[in-house]
Amino acid sequence: MLFFVLRLMTVSNGWKGGYMVSVKHKSAFKKIISAAVCLAMLPGISGVAPSVFAETQNAANSASSSSEEGINDSQMSIVSRDSIYSAYYNKYKDTVRPDREIVIEAQSHTRVETGGTAVITDEASYNGIDNVVLWENDGGTIEWEFEVAETGIYNLEMYYHPIAGNTTTIEIELAIDGKAPFDQANYLTLDRYWKNEHEIQADSKDNQSRPPQVEYDTWLTYPIKDKDGIYNEPYFFYLEKGKHTISLTSIKMRMALKSLRFYNSDELVSYESIKPTQEELDNTPAIADGKAILVEAENASWKTSSVLYPTKEKGDYLASPANPVKERYNTLGLDTWNKSTQTATWKIIVPADGYYSINMRARQNTMRGLFSNRRLYIDGKVPFDIADNIRFNYSTDWYTQELTDTSGDTAYIYLTAGDHEISLEATPGDLGETMQRLDDIVYELNYYYRRILMITGPTPNAYQDYNVHKKIDNFDQKMQELIDKLYSEKAYIEQYTTTGSEAGALEAMAVIIERMKDKPRRIPQMLESL
């Protein structure tokens, strides 16, 4: 979870020769580590479907608790991990990324099926874009043929326009050559853009009210992404040279589609390679009267989620606007900016060509000892490597977070005079790698929990010896491996954190498993604690 509150953006000449873009926000990074471990006991996590849990429960109800036979993998109905994205990622991650793109025009479809209430039509234009496919209501499938000139892995993006309706998301299934390349492709969520319906207004008693969120009417480009907060980059797809098909099937669908594009992004430029000289900084004209250009965060131009609405902060006298008594909406996010890929965008007007630095007024006081991450975009692109992963550390106080280079010096972004857009996107950041490994640990915990349940049944007798450790092959070895992994991940996380972090939840889980290993006859009594 990536809780976050943004409060203020300012552009000023806070340093000689440059301007300062200051983003004021509060980041409340939820207890993702403890949540991940707790989820080990829930059905459906990490590619294990709820139906699987039901099958295991039924089998446990009918199993003979006095059986002396061991339980092996062939007796368990468990979804394979081979089909999830992590396995796909590990298999193809080192494959070449061709410097090519494959554009598929929506109207070049070779197959259209209009199941359910779907209405799929080719339209001459929609909201300023020509030759589009209009996809209204749920159901239906569209398929296209395309050709790959070079084998490799490619990202995939869609250029589309959401059509206003009674849903907050667009949900699709994606198949390549007739099947989903990995499980997550069976359920992909596309963004809709949202904005405040009107400016924040005050009532007759001078208390402000929060404006409703309405859809932002625009065409948008969306790279197919991981919204579970495990991977920092969009999904990739392995394509061999030759002819292929790609199809989209509607789950919830109301949109106009212009095109799909397979591509590979250029590697982010190193800030050190474009770092401005002092002369270039000095040549940046000062803003008139030395005043800052202020952009209130609650007035974001658009957001990718309808829950990113204006929020309130009374605890800081520097909040803008501020009032110790009256209601004032002066932040964005709070407990709602809590999911990976959620993005907010603000428009600014830059008075002159030059170099500008970015500062952020921040407080992340939820995830003790850990941090939250945001990716910075300027006009839809990450300007350089250090903007790809901006970390907001834990603190109970507000602080100024400056965008700096690897030496701790102020980092500058070159902006031309005129209109620009600044965006911040929630990402897992440095914790992404450990979350990938924790996802596997969660699966293993879930797996062995079900194996124990197969032996004890859903309501074990506290006075019966089930010999769980004897009926599960290599029980001691497997439990020790889980213990070692949990301690390893705790150590990995704490290299980024201060003492007393929420990573202690991993140690707590390891202690429970150690007790199970050392006192296996008490496992039935420990199930509830687990």
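Given the structure is predicted, the values throughout are model-derived calculations rather than measurements.

Scoring rules and cut-offs
- Residues numbered from 1 in each chain as written.
- Predicted model: local features only at pLDDT ≥ 70, side-chain atom pairs only at ≥ 80, totals over all residues.
- Heavy atoms only, no water.
- Helix = DSSP H or I, 4+ residues; strand = E, 2+ residues; numbered from the N terminus.
- Contact = heavy atoms within 4.5 Å.
- Areas by Shrake-Rupley, 256 points an atom, 1.4 Å probe, with all protein chains shown as cover.
- Buried < 20%, exposed > 50% of the residue type's maximum accessible area, 1.4 Å probe, protein only.
- Polar contact = N/O pair within 3.5 Å; in protein donor to acceptor, adjacent residues only side chain to side chain.
- Phe/Tyr/Trp six-rings, centres within 6.5 Å; stacked < 30°, edge-to-face > 60°.
- Axes fitted to C-alpha atoms, helices over the stretch in contact; angles between N-to-C directions.
- Parallel < 35°, antiparallel > 145°, perpendicular 65-115°, else oblique.
- Left-handed = near helix turned anticlockwise from the far one by under 90°.
- Nonpolar A, V, L, I, M, F, W, Y, C, P; charged D, E, K, R; others polar.
- Salt bridge = Lys/Arg side-chain N within 4 Å of Asp/Glu carboxyl O.
- Pairing = 2+ DSSP bridges.
- Arc of directions from axis to C-beta.

A. Region of interest: the overall build of the chain. Broken down by element type, the chain carries 10 helices and 29 strands. Considering only contacts in the chain between residues 6 or more positions apart, those separated by 24 or more positions represent 77%. For the chain, the accessible surface area stands at approximately 23900 Å², while carbon and sulfur atoms represent 46% of it.

B. Local environment of the side chain of Gln401. With respect to the element layout, Gln401 can be found in strand E27 (residues 399-402). Take Gln401: its relative accessible area is 17%, and that puts it in the buried class. A polar contact is formed between the side chain of Gln401 and the backbone oxygen of Arg391, at a distance of 3.3 Å. Not counting residues up to four positions away in its chain, the partners in contact with Gln401 are Ile358, Asn359, Met360, Ala362, Arg391 and Phe392.

C. View of the packing of aromatic side chains. Scanning the entire structure with this criterion turns up 24 aromatic pairs. Considering the side-chain rings of Tyr85 and Phe182, the 4.8 Å spacing of their centres and the 65° angle between planes classify their relative orientation as edge-to-face. Here Phe182 lies in the loop between strand E9 (170-176) and strand E10 (188-190) and Tyr85 lies in helix H3 (residues 85-92), a separation of 97 residues in the sequence. Judged by its relative accessible area of 2%, Phe182 falls in the buried class. Consider the rings of Tyr216 and Trp302, whose centres lie 4.9 Å apart with planes at 25°: the pair is stacked. Taken as a pair, Tyr216 in the loop between strand E14 (213-215) and strand E15 (220-223) and Trp302 in strand E20 (residues 302-303) lie far apart in primary sequence, 86 residues in all. The partly exposed category is assigned to Tyr216, whose relative accessible area is 21%. Taking the relative accessible area as the measure of exposure, Trp302 reaches 9% and is therefore buried.

D. Highlighting the environment of Gln480. When you line up the elements, Gln480 lands in helix H8 (residues 475-494). Taking C-alpha positions, Gln480 is 7.5 Å from Glu514, a pair spaced 34 residues apart along the chain.

E. The packing of H8 against helix H9 (residues 504-518), seen in detail. Running from N to C, H8 and H9 point in directions that differ by 165°, and their axes come no closer than 9 Å. Between H8 and H9, the crossing angle belongs to the class labelled roughly antiparallel. At the point where H8 passes H9, the crossing takes the left-handed sense. For the pair H8 and H9, the contacting residues are Phe475, Asp476, Met479, Gln480, Leu482, Ile483, Leu486, Tyr487, Glu489, Lys490 and Ile493 in the first and Gly504, Leu506, Glu507, Met509, Ala510, Val511, Ile513, Glu514, Met516 and Lys517 in the second. Classifying every residue of the contact of H8 with H9 gives 13 nonpolar, two polar and six charged.

F. Representation of the pattern of salt bridges. What the rule picks out here adds up to 23 salt bridges. The residue Asp405 makes a salt bridge to Lys275 at a minimum N-O spacing of 3.2 Å. Placement of the pair is Asp405 in the loop between E27 and strand E28 (412-415) and Lys275 in the loop between helix H4 (271-274) and helix H5 (278-282), with a sequence separation of 130 residues. Of the residues examined, Asp405 reaches a relative accessible area of 5% and is grouped as buried. With a closest N to O distance of 3.9 Å, Asp518 and Lys517 form a salt bridge. Given a relative accessible area of 23%, Lys517 falls into the partly exposed group.

G. View of the side chain of Thr341. For Thr341, the location among the structural elements is in the loop between strand E22 (329-332) and strand E23 (343-350). Apart from residues no more than four positions distant in its own chain, Thr341 is found in contact with Lys225, Asp226, Lys227, Thr304, Glu425 and Ala426.

H. Structural context of the pairing of E23. The buried fraction of E23 is high, at six of eight residues. In this sheet, E23 lies alongside E20 in antiparallel orientation, the contact comprising two bridges. Looking at E23, one finds that Lys303 is bridged to Ala344. Here E23 pairs with strand E29 (residues 418-427) via eight bridges, running antiparallel. Note that in E29 the partner of Thr345 across the bridge is Ser423.

I. Quick peek at H3. Within the sequence span of H3, burial applies to Tyr85, Ser86, Tyr88 and Tyr92. Relative to the axis of H3, the buried residues are bounded by an arc of 160° and lie together on one face. The elements touched by buried residues of H3 are strand E8 (152-162), strand E16 (236-239) and helix H6 (432-456).

J. Representation of the packing of H6 against H8. Where H6 contacts H8, the axes come no closer than 11 Å and their chain directions differ by 155°. Overall, the two elements H6 and H8 adopt an arrangement that is roughly antiparallel. Crossing of H6 over H8 shows left-handed handedness. Along its contact with H6, which presents Glu433, Thr434, Arg437, Leu438, Ile441, Glu444, Leu445 and Tyr448, the element H8 presents Lys478, Met479, Leu482, Lys485, Leu486, Glu489, Tyr492 and Ile493.

K. Main features of unusual backbone geometry. Positioned with a positive phi, Asn137 is a non-glycine residue whose angle comes to about 70°. In this fold, Asn137 is placed in the loop between strand E6 (129-136) and strand E7 (141-148). Despite not being glycine, Asp206 has its phi angle at roughly 70°, a positive value. Position of Asp206 among the secondary structure elements: in the loop between strand E12 (201-202) and strand E13 (208-209). Given the relative accessible area of 35%, Asp206 is considered partly exposed.

L. Structural detail: the sheet that holds strand E17 (residues 242-252). Here five strands make up an open sheet; going across it, the order is E4-E7-E17-E9-E10 and the pairing antiparallel. Looking at which strands have only one partner, the edges of the open sheet turn out to be strand E4 (111-113) and E10. Between one strand axis and the next, the sheet turns by 30° as a mean value, whatever way the strands run. Where E4 and E7 come together, three bridges link them in antiparallel fashion. What sits directly across from Arg111, in E7, is Glu143.

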